[in-house]
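One-letter residues, chain by chain:
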Amino acid sequence: MTRHTMPAKPPPALQPLDAAVDHVRGSPAGRVILEYGDYECPYSRQAFRAIEAVEKELGGGVRFAFRHYPLTGIHPHALAAAAAAEAAAGQGRFWDMHALLFHRQKALGDSDLRRYATGLGLDLALFDADRASAGVLKRIQRDIGSGDATGEVWGTPTLFIDGAVHRGGYDVATLLAALAR
């Protein structure tokens, strides 16, 4: 008897890191933590602090990448903050803006973002033009789309370690244990 079956649907895949597009820091030889995060999410901020501590503890043993996943339905400033980070990236200051946005998470209004750009010494006219540009929005949408395509990003933060989704905690001890496996 012949059975009619549908071919198995391939599992969702994580888009590989592209150092020319993704925001990546750390040794290429290190274990990889990839975060899909939201600058207005308090849980993403907790992960930010833990990942910084893990990076400090492991030094060159870890590589960190960040992809935007603004939850605009619950975080009204998340998309603007992601655009500010991308505009800063255009002037070589992504990681500095990234840290500022998490450290000052309660102040993400337009005047706040402009003040952070000024404090980082960015060209303010270029910063404003870039964060309002279609190119920056497309870059953020690329990250959101890559998260959605995994079938694993349901909220923030969502972490992947060496390409596998990490469903455990994102405190320092849990991340160190996951990286040690």
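Calculation criteria
Residues numbered from 1 in each chain as written. Predicted model: local features only at pLDDT ≥ 70, side-chain atom pairs only at ≥ 80, totals over all residues. Heavy atoms only, no water. Core = buried A, V, L, I, M, F, W, Y, C linked by side-chain atoms within 4.5 Å. Buried < 20%, exposed > 50% of the residue type's maximum accessible area, 1.4 Å probe, protein only. Helix = DSSP H or I, 4+ residues; strand = E, 2+ residues; numbered from the N terminus. Contact = heavy atoms within 4.5 Å. Axes fitted to C-alpha atoms, helices over the stretch in contact; angles between N-to-C directions. Parallel < 35°, antiparallel > 145°, perpendicular 65-115°, else oblique. Left-handed = near helix turned anticlockwise from the far one by under 90°. Nonpolar A, V, L, I, M, F, W, Y, C, P; charged D, E, K, R; others polar. Pairing = 2+ DSSP bridges. Right-handed = clockwise from strand over helix to strand, strands pointing away. Arc of directions from axis to C-beta.

## Describing the nonpolar core
- Core analysis: the biggest nonpolar cluster contains 34 residues, and Ile33, Tyr39, Met97 and Leu101 have the highest contact counts within it.
- Of all the elements in the fold, those that place two or more residues in this core are α1 (42-58), β3 (62-68), α2 (78-89), α3 (94-103), α4 (110-119), β4 (158-161) and α7 (172-180).
- For this core, the element with the highest residue contribution is α3, accounting for six residues.
- Beyond its immediate stretch of four places on either side in the chain, Tyr39 contacts Phe66, His68, Ala81, Ala82, Ala85, Phe94, His98, Leu101, Phe102, Gln105 and Leu108.

## Concerning the packing of α2 against α3
- Remark: α2 packs on α3, axes separated minimally by 7 Å, with the N-to-C direction vectors making an angle of 155 degrees. Accordingly, the angle class assigned to the pair α2 and α3 is roughly antiparallel. With respect to the hand of their crossing, α2 and α3 are arranged in right-handed fashion. In contact with Ala81, Ala84, Ala85, Glu86, Ala88 and Ala89 of α2, α3 contributes Phe94, Met97 and Leu101.
- Class assignment for the residues of the contact of α2 with α3 results in eight nonpolar, no polar and one charged.

## A few points about the pairing of strand β2 (residues 31-37)
- Among the seven residues of β2, six are classified as buried, and the element is accordingly described as predominantly covered.
- The pairing of β2 with β3 spans seven bridges and is classified as parallel. Bridged to Val32 within β3 is Arg63.
- What joins β2 to β3 is α1, and the crossover it makes is right-handed.
- Bridge count for β2 against β4 is four bridges, and the pairing is antiparallel. Within β4, the position partnered with Tyr36 by the bridge is Thr158.

## Topic: unusual backbone geometry
- Here the bond from Thr156 into Pro157 is cis, since omega is -5 degrees, no more than 30 degrees from zero.
- Tracing the backbone shows Pro157 in the loop between α6 (134-150) and β4.
- Non-glycine residue Asp162 carries a positive phi angle of around 50 degrees.
- Structurally, the position occupied by Asp162 is in the loop between β4 and β5 (164-166).

## So, α7
- Within the span of α7, buried status applies to Leu175, Leu176, Ala178 and Leu179. Down the axis of α7, the buried set is contained in an arc of 160 degrees. They therefore lie on one face. Counted as exposed and oriented over 90 degrees from the buried face of α7: Ala173 and Ala180.
- The elements touched by buried residues of α7 are β2, α1, β3, β4 and β5.

## A few points about the sheet that holds β2
- Pairing is mixed across the open sheet formed by five strands, whose spatial order is β1-β3-β2-β4-β5. The strands lining the two open edges of the sheet, one partner per strand, are β1 (23-26) and β5. For this sheet, the mean inter-axis angle between neighbouring strands, taken without regard to orientation, is 25 degrees.
- With three bridges joining them, β4 and β5 adopt antiparallel strand pairing.

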